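Structural features, examined
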2 protein chains.
Amino acid sequence: MPNNDKPIGVFDSGLGGLTVARAISHALPHESITYVGDTKRCPYGPRDQAEVRLFVRQVGAWLERRDVKFVVVACNTATAAGLDVLQRALDVPVIGVIEPGARAAVQATRTRRVGVLATQGSVDSGAYPSAIHMLDAGVGVTQQAAPVFVDIVERKLTSGECLHKEWMRDRGVFDAPDVRLAVEQGVAPLMNRGIDTVVLGCTHFPLLSRQIRAALGDGVRIVSSAEETCRELAETLERRGDLASADNEPTYRFASTSDDITSFAVAGSFIFGHDLDSIEHIDVEDLEALADERDMEGN
Amino acid sequence: MPNNDKPIGVFDSGLGGLTVARAISHALPHESITYVGDTKRCPYGPRDQAEVRLFVRQVGAWLERRDVKFVVVACNTATAAGLDVLQRALDVPVIGVIEPGARAAVQATRTRRVGVLATQGSVDSGAYPSAIHMLDAGVGVTQQAAPVFVDIVERKLTSGECLHKEWMRDRGVFDAPDVRLAVEQGVAPLMNRGIDTVVLGCTHFPLLSRQIRAALGDGVRIVSSAEETCRELAETLERRGDLASADNEPTYRFASTSDDITSFAVAGSFIFGHDLDSIEHIDVEDLEALADERDMEGN
């Protein structure tokens, strides 16, 4: 296979990264994607940094064996903890979701005050304020942890509601009053602070973007890390001359460490936007062995 | 004047930043530009960081008084020393030349080895390796100081040769054998190291890009910080909705702290690509007073 037509590896601790895969499949329709959700060990958020770095390294080694041309770490926690490790370890380029979102927010803000909605782990890592201030030391950043948003998405997606395909398709599943109320409460600390731009710093959050937008009001611009990461990917592939050829028939492959492939398939198809035809099971033990092997090779 | 049609402030310690102003005038032909060359206190390179930060602050205050909508610090030394100070001090967005060049190099390299040609001061600051590794910890960076390139450009531009307009226009002035030899020697340490991408980390160097390209050979891609900074500017203006209107008649104004406005005009018109119609003299004392005033206002 010519290098250009090799798949892009995308990975997340779970399902949220499928928002990034979806953005890629829309913006770059000739690109093949190999997606890994490390769902068995999900969530990464509460784990310590060293452990997350190890997991990132393992999934990276698995993707490398699948001969991907590029790796996207589509998970904020994994990016904050392990992006640099993977960039040093792999021969192909690796990007994360934090810098592209931070950059878009810095470019967009007029009031020079940016809000970040993320998980507690991402907030605690300080990765967004750090990336934003690297680009513009004069932009004020207010972070707000919204762990309940992840719970809502996970709960709704794994509930029976998700089996109603029509309802899923128009995202009606997140229009329930309890969701609207939880979103309003979640974003409240970002209101009335002069913030005109809010970064969705968790790959689950784009699923609630309509509700978050309604809660924040028209004056606030929403930056989706998923879309911005996809932009960064497209720009890099173009600059390297690595875009898939126009006649490439893209393949979408999915892999999960979870034993329950069915619920991955159902929730995943909702997020990705169409059925996940090919889902592979990965044994966590195999992942562990892979990273060990590569380390023994001196990489 | 509507905010969109206000000028973009561009500044450099001297003339090199005019390569950035030129790139802006080509890529964004409706944008007005107000350019400041702090030529009397040029070069900034040998000065200590605290002094450069103060100068950056002063010129920034001058540009703010001129009601610019955006500031581009078109000087590597000034960016490394004072970008963050200016971003904190001004209400308008401020970008430098280092991050855009670093980003383009990271995106472009296939061998994951990047070369940086810069002044000694920029090399010593480590600003390029730091910006490159923030984006991709796995990219190797080799820096090479080429102070002689600045000398060549300055010497040629202020020599009698520059008065032959036709010769200037096709850049023949830099095709002399002595220049070619100096450039070959300057880039030699970057050869045979697997480097496929070289950043021109000094705003003077795009003037020698043809010669640098010839010396490095076809396999090496040249990244011009001037062009990449212009890209970043365009993207930010667009995202903010701040692009000048299509019917804006752009004005180009120039200001210099030098007492010898004539030589600024001659060399400047060569770099900018057409005559500098309006050149203002700025007293260094006035600059000093401006920054003091603003500091007393509590900013």
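Predicted model only: the values in this text are computed from it and were never measured. Position numbers for residues start from 1 in each chain and track the written sequence from start to end. Chain A is the first chain written and ligand 1 is the first ligand written, with later ones labelled in order. Whole-chain, interface and lining totals are the exception, using all residues; otherwise, since this is a predicted model, local features are given only for residues with pLDDT of at least 70 and side-chain atom pairs are given and counted only at 80 or more. Note: side-chain values were computed over all heavy atoms of the structure, leaving out hydrogens and water.

1. Some thoughts on the overall build of chain A
Each helix corresponds to a stretch of at least 4 residues labelled H or I by DSSP, and each strand to a stretch of at least 2 residues labelled E; elements are numbered beginning at the N terminus. Per the secondary structure count, chain A includes 13 helices and 10 strands. All radius of gyration figures rest on C-alpha atoms, and the globule criterion is 2.2 Å times the number of residues raised to 0.38. Against the 2.2 N^0.38 benchmark of 19 Å for 299 residues, chain A shows a C-alpha radius of gyration of 18 Å, consistent with a compact globule. Reported as C-alpha extents along the three principal axes, the dimensions of chain A are approximately 55 × 45 × 40 Å. Relative accessibility decides the category of a residue: with a 1.4 Å probe and only protein chains considered, values under 20% of the type maximum give buried, values over 50% give exposed, and everything between is partly exposed. By the burial criterion, 58% of the 299 residues in chain A qualify as buried. Long-range pairs, those at least 24 residues apart, make up 76% of the contacts in chain A with a sequence separation of at least 6. The contact criterion used is simple: two residues touch if any of their non-hydrogen atoms lie within 4.5 Å.

2. A look at the sheet that holds strand β10 (residues 278–281) of chain A
Each strand in a sheet pairs with another by means of backbone hydrogen bonds, the pair being arranged parallel or else antiparallel. All names here are of chain A. Pairing between two strands requires that DSSP report at least two bridges joining them. The sheet built from six strands is open, its strands ordered β4-β3-β1-β2-β9-β10 with parallel pairing. The strands lining the two open edges of the sheet, one partner per strand, are β4 (94–95) and β10. Each of β1 (8–12), β3 (70–73) and β4 is contacted by helix α3 (residues 76–89), which is oriented at about 160° to β3, the strand it contacts most. Note on definitions: angles span 0 to 180 degrees between N-to-C directions of axes, and those axes are lines fitted to C-alpha atoms, for helices only across the stretch in contact.

3. Notes on the packing of helix α4 (residues 98–108) of chain A against helix α11 (residues 225–240) of chain A
Residue and element names in this part refer to chain A. Two elements in contact, α4 and α11, have axes whose closest approach is 8 Å; the angle formed by their N-to-C orientations is 100°. Regarding the angle of α4 to α11, the classification is roughly perpendicular. Contacts between α4 and α11 involve Glu99, Pro100, Gly101 and Ala104 from the former and Ser225, Glu228, Thr229 and Glu232 from the latter. Class assignment for the residues of the contact of α4 with α11 results in two nonpolar, three polar and three charged. Roughly parallel means an angle under 35 degrees; roughly antiparallel, over 145; roughly perpendicular, 65 to 115; everything else is oblique. Three residue categories are used. Nonpolar comprises Ala, Val, Leu, Ile, Met, Phe, Trp, Tyr, Cys and Pro, charged comprises Asp, Glu, Lys and Arg, and polar comprises the others, including Gly.

4. Remarks on the environment of Pro7 of chain B
All names here are of chain B. Tracing the sequence through the fold places Pro7 in the segment before β1 (8–12). According to the relative accessible area criterion, Pro7 is buried, its value standing at 13%. For the pair Pro7 and Val71, spaced 64 residues apart in sequence, the C-alpha separation works out to 9.2 Å. Once you skip the residues sitting within four places of it in the chain, Pro7 turns out to touch Ser32, Ile33, Thr34, Arg66, Asp67, Val68, Lys69 and Phe70.

5. With respect to helix α4 (residues 98–108) of chain B
A large share of α4 of chain B lies buried, amounting to 11 of its 11 residues. Every buried residue of α4 of chain B is listed here: Ile98, Glu99, Pro100, Gly101, Ala102, Arg103, Ala104, Ala105, Val106, Gln107 and Ala108 of chain B.

6. A short note on the relation of the copies chain A and chain B
Overlay of chain A on chain B (RMSD 0.0 Å): rotation 180°, translation along the axis 0.0 Å. Those values place the two copies in the arrangement expected of a two-fold rotation axis. Proximity to the rotation axis, assessed at the C-alpha, singles out Met134 of chain A in chain A; its C-alpha lies 4.5 Å from the axis. A high fraction, 100%, of the interface residues of chain A reappear at the interface in chain B, so the copies pair face to face through one surface. Our superposition of the copies is a least-squares fit, built on the C-alpha atoms of residues whose pLDDT is at least 70 in both.

7. Some words on the side chain of His204 of chain A
Residue and element names in this part refer to chain A. Tracing the backbone shows His204 in the loop between β7 (197–200) and α10 (209–216). Classification of His204 by relative accessible area gives buried; the value is 7%. Among all residues touching His204, those that are not within four sequence positions of it are Gly16, Val150, Val153 and Glu154.

8. Some remarks on the side chain of Ser122 of chain B
All names here are of chain B. Here Ser122 shows up in helix α5 (residues 120–125). The exposure class assigned to Ser122 is buried, which follows from its relative accessible area of 4%. Setting aside its immediate chain neighbours within four residues, Ser122 contacts Asn76, Thr77, Ala127, Gln143 and Gly201.

9. A look at the interface of chain A and chain B
Counting residues at the interface gives 31 residues for chain A and 31 residues for chain B. Note: buried area is the sum, over both parts, of the accessible area (probe 1.4 Å) each one loses when the two are combined. Both faces combined, the contact of chain A with chain B buries some 2900 Å², and carbon together with sulfur accounts for 36% of it. Here, a salt bridge means any Lys or Arg side-chain nitrogen found within 4 Å of an Asp or Glu carboxyl oxygen. Viewed at the interface, chain B and chain A are joined by 10 salt bridges. Its salt-bridge partner being Arg103 of chain A, residue Glu235 of chain B comes within 3.4 Å of it at the nearest N-O pair. Throughout this description, a polar contact denotes any pair of N or O atoms lying within 3.5 Å of each other; where both atoms belong to protein, one of them has to be capable of donating a hydrogen while the other can accept it, and for residues adjacent in sequence the pair is counted only when both atoms sit in side chains. Applying the counting criterion to the chain A and chain B interface returns 28 residue pairs in polar contact (both at pLDDT 80 or more). Of all the elements in the fold, those that place two or more residues in the side of chain A that touches chain B are α3, α4, α6 (127–135) and α11 of chain A. In terms of residue count, the dominant contributor to the side of chain A that touches chain B is α11 of chain A (seven residues). Split into classes, the residues belonging to the side of chain A that touches chain B amount to eight nonpolar, seven polar and 16 charged.

10. Some thoughts on the pattern of salt bridges
Applying the stated criterion across every chain, the model contains 36 salt bridges over all chains. Between Glu51 of chain B and Arg47 of chain B there is a salt bridge; the shortest N-O distance is 3.4 Å. On the accessibility criterion, Arg47 of chain B (28% relative accessible area) is partly exposed. When salt bridges with common partners are traced through the structure, they connect Arg103, Glu228 and Arg231 of chain A together with Glu232, Glu235 and Arg239 of chain B into a single cluster.

11. Description of empty space enclosed by the protein
In this approach the atoms are scanned with a rolling probe the size of a water molecule, which exposes any empty space left behind. Think of a 1 Å grid over just the protein atoms. A cavity is a set of points where a 1.4 Å probe fits yet cannot get out, a pocket is an open set with protein on both sides within 12 Å along at least five of seven lines, and lining residues have an atom within 4 Å of a point. Grid points are joined across faces, edges and corners, and a volume is the space filled by probe spheres set on the points. Under the criterion given, the structure shown has four cavities of 30 Å³ or more. Mapped by element, the contributors of at least two residues to the lining of the largest cavity are α4 and α6 of chain A together with α3 (76–89), β4 (94–95), α4 and α11 (225–240) of chain B. A per-element tally of the lining of the largest cavity places α4 of chain A first, with three residues. Class assignment for the residues of the lining of the largest cavity results in eight nonpolar, four polar and four charged. Computed from the structure, the second largest cavity encloses a volume of approximately 70 Å³. Each residue belonging to the lining of the second largest cavity can be placed in one class, and the counts come to six nonpolar, no polar and two charged.

12. So, the pairing of β3 of chain A
All names here are of chain A. Of the two faces of β3, the one lined by Phe70 and Val72 and the one lined by Val71 and Val73 are each fully buried. In this structure, β1 lies alongside β3, joined through four bridges in parallel fashion. Bridge pairing links Val10 to Val72 in β3. As paired strands, β3 and β4 are joined by two bridges and run parallel to one another. Residue Val71 lies in a different strand from β4, and its bridge partner there is Val94. Clockwise travel from the first strand over the helix to the second, with the strands pointing away from the viewer, marks a crossover as right-handed. For the segment spanning β3, α3 and β4, crossover handedness is right-handed.

13. Notes on the nonpolar core
Ranked by size, the top nonpolar core spans 56 residues in total, and within it Leu117, Phe174 and Ile212 of chain B carry the most contacts. The start and end points of each domain follow an automatic or database-based domain assignment. Split by domain, this core shows at least three residues from each of two domains, domain 1 (3–96 + 228–296) and domain 2 (98–225) of chain B. Ignoring any residue separated from it by four or fewer positions in sequence, one finds Phe174 of chain B in contact with Ile152, Val153, Lys156, Leu157, Val179, Leu207, Leu208, Gln211 and Phe270 of chain B. Of all hydrophobic cores here, the second largest spans 55 residues; its members include Val10, Leu18, Val72 and Ala182 of chain A. Within this scheme, the nonpolar core is defined by two criteria: the residues are buried Ala, Val, Leu, Ile, Met, Phe, Trp, Tyr or Cys, and they are joined through side-chain atoms within 4.5 Å.

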